[in-house]
Amino acid sequence: MSAIVEAKEIMGSMCGILENIWNHRRANPTLKSEELYYELVLKYFDKITTAREIGRPIVGHTVMSPTEIFYAMDMAPMSLENVACMQAILLNKYEDYLGTARSFGLAPETCSAHRMLTGAFLNQAVISPDLLVWTNQVCDNTAKSGDALMDIYGMPGFFLDRPYKYNEEGVRYFTRQMEELVQFLEKTTGRKLDYDKLKESVRLSGRVIEVYREIYELRKARPAPMRNRNLMNQNTIEGLFSGVPEAVTFIEQVRDEIKANVDAGKGVAEKERYRLLFLFLPPFYELKILDWLEREHGAVSVMEPFISYYAPGEMDPDNPLESIARKSFYRHTAHPMHGPSDAFVDDTLRIAEEFDADGAVYFAHIGCRQACALIRTLKDRLKEELDVPTLVIDVDIMDPSLSSGEEIRDKFEGFFEILDD
């Protein structure tokens, strides 16, 4: 069996599981947004598996890459980290991919999302893209992943070098990077960018940001009106579909569900006991713990400064490339992890106060030097200035061998005892 056929079959197996989950959600409805989430993720990966049949180039890209440009050029974006991590979760490929990455020479200290990505490609489990776009957002692991894949496959690629500081000089520099990216894509694919399509893509991306900010305000309500699960679902859809109508449809559905709860004075936990601030991403392999927190302990994440908060900034369709460049400085995840941290720490304390948080939970992903570097500063300032205690849980975002679900639950229960005291 050829590598191309095998990869397509593996991707097909993943799509089959997603379709089964989607059908189960339709037969046993909960929230409309949860059903829509699986429908859209299935649609995303199905488009990748069928892209070459209709002559659509596949662009492999790392997180925070400008999908608005890819969609405007009618390409099939393939988020490399998402593909590899979803395969590992849905097909139980954790040890296969991490073991391959280990044999390749990647140390456990390397972010497991990128070890997973490298392992999946080395195992020829992912359809090979036609070209690569990668960036130094949000970490040095991301910057190195593209280099590794280009070495392995010898395919054309483009590296987006985002400046460290958010200032007008940095925006001008990164706008030029976007212009050079467009030139690279046009030369490599033989397609010309339709700037009218790009303007519409930027308009849709801006609408998603507007709704994110509406949700931010709605989530200040007590009791908490948004399910813990939604924090990951909306983050995934925004990352995969920025620049197309699907992202707007999904985020507006989430907004409407939250608003209905606020209007009815209804919370997502049967009896809300703990209002938590989630700092950094929970482990992807144990997302069921988010449901357990709500159901068993009345514990809700009221806000996630790393992944649900957009700092001030606007999208202007009449200046599409500059808008995309500027967005990379104020968007969630990139804003706190790529640039001086003072503003983000101040934002976090303000958010903790605005949302009336009882405690904070820091998921300390051992492979993320950027995020873990902020632990002491955030923990000390939250306690000293707001008397908000912080639980630090050592995890690996994609490697279950470091912290099991049972260990994580034990740490939460110990923390709840502290909050009760």
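Read on for a plain summary of the structure. (Residues numbered from 1 in each chain as written. Predicted model: local features only at pLDDT ≥ 70, side-chain atom pairs only at ≥ 80, totals over all residues. Heavy atoms only, no water.)

Turning to the sheet that holds strand β8 (residues 390-395), a few remarks are in order. Whenever strands of a sheet pair, they do so through backbone hydrogen bonds, lying parallel or antiparallel. Judged by pairing direction, the sheet is parallel, and its four strands sit side by side in the order β6-β5-β7-β8 without closing on themselves. Because the sheet does not close on itself, it has two edges, and the strands there are β6 (299-303) and β8. Going across the sheet, the axis of each strand differs from the next one's by a mean of 35°, ignoring polarity. Pairing geometry for strand β7 (residues 359-365) and β8, over six bridges, is parallel. (Pairing = 2+ DSSP bridges. Helix = DSSP H or I, 4+ residues; strand = E, 2+ residues; numbered from the N terminus. Axes fitted to C-alpha atoms, helices over the stretch in contact; angles between N-to-C directions.)

The next subject is the pattern of salt bridges. Following the criterion strictly, the structure yields 42 salt bridges and no others. With its nearest N and O atoms 3.2 Å apart, the salt bridge here joins E286 to R409. Of this pair, E286 sits in the loop between β5 (274-279) and α12 (288-297) while R409 is found in helix α18 (residues 405-420), placing the two residues 123 residues apart along the sequence. Here R350 ties to D347 by a salt bridge, and the two come within 3.4 Å at their closest N and O atoms. Here R350 pairs with D347, and both are found in helix α15 (residues 342-354), just three residues apart, close to one helical turn. For R350, a relative accessible area of 30% corresponds to the partly exposed category. Look at the salt bridges and you will find they share partners, linking R25, E34, R227, R229, D291 and E294 into a network. (Salt bridge = Lys/Arg side-chain N within 4 Å of Asp/Glu carboxyl O. Buried < 20%, exposed > 50% of the residue type's maximum accessible area, 1.4 Å probe, protein only.)

This part is about the packing of aromatic side chains. Inspection of every chain in the model, using the stated rule, returns 18 aromatic pairs. With a centroid separation of 5.6 Å and 50° between ring planes, the pair formed by W134 and F159 is classed as tilted. Here W134, found in strand β3 (residues 131-135), pairs with F159, found in strand β4 (residues 157-160); they are 25 residues apart in sequence, far enough to count as distant. Owing to a relative accessible area of 5%, W134 belongs among the buried residues under this scheme. Consider the rings of F412 and F416, whose centres lie 5.9 Å apart with planes at 35°: the pair is tilted. In this pair, F412 and F416 are both assigned in helix α18, four residues apart and thus about one turn of the helix distant. Here F412 and F416 have matching classes, each one buried. Aromatic ring contacts, followed pair by pair, group Y274, F278, F363, F412 and F416 into a single cluster. (Phe/Tyr/Trp six-rings, centres within 6.5 Å; stacked < 30°, edge-to-face > 60°.)

Turning next to helix α10 (residues 230-241). For an α-helix, 3.6 residues make a turn, and residues three or four places apart therefore share a direction. Between the first and last C-alpha of α10 there are 16 Å, a value that for 12 residues agrees with the 16 Å anticipated at 1.5 Å per step. Among the 12 residues of α10, 11 are classified as buried, and the element is accordingly described as predominantly covered. Here α10 has its buried residues at N230, L231, M232, N233, Q234, N235, T236, I237, E238, L240 and F241. Two residues or fewer after α10 comes G243, characterised by a positive phi angle close to 110°. (Expected span 1.5 Å × (residues − 1).)

Together, E406, E407, D410, E413, E417 and D421 make up a region of like negative charge exposed at the surface. Following the sequence through the fold, D410 ends up in helix α18. (Patch = residues over 30% accessible without salt bridge, like charges linked within 9 Å, V, L, I, M, F, W, Y side chains within 5 Å. Areas by Shrake-Rupley, 256 points an atom, 1.4 Å probe, with all protein chains shown as cover. Lys, Arg positive; Asp, Glu negative; His and termini not counted. Charge placed at Lys NZ, Arg CZ, Asp CG, Glu CD.)

Now for the sheet that holds β4. Taken in spatial order, the four strands of this open sheet run β2-β1-β3-β4, and their pairing is parallel. Unpaired on one side and paired on the other, β2 (76-79) and β4 mark the two borders of the sheet. When the angles between neighbouring strand axes are averaged without regard to direction, this sheet yields 20°. Taken together, the four bridges between β3 and β4 define a ladder with parallel strand orientation. Residue pairing in the sheet places V133 in a bridge with F158 of β4. Lying on the sheet, helix α8 (residues 168-189) is in contact with β3 and β4; it crosses β4 at an angle near 175°. (Contact = heavy atoms within 4.5 Å.)

With that out of the way, let us pick up the nonpolar core. Formed by 146 residues in total, the largest nonpolar core has its most connected members in F45, I69, L185 and F412. Per-element tally for this core: the top contributor is helix α9 (residues 195-218), with 10 residues. Here I69 is in contact with M178, L181, V182, L185, L193, L198, L321 and I324, once residues within four sequence places are set aside. (Core = buried A, V, L, I, M, F, W, Y, C linked by side-chain atoms within 4.5 Å.)

Quick look at the environment of F284 now. Structurally, F284 is set in the loop between β5 and α12. For F284, a relative accessible area of 21% puts it in the partly exposed group. Residues contacting F284, with those up to four places away along its chain left out, are I89, M232, I397 and M398.

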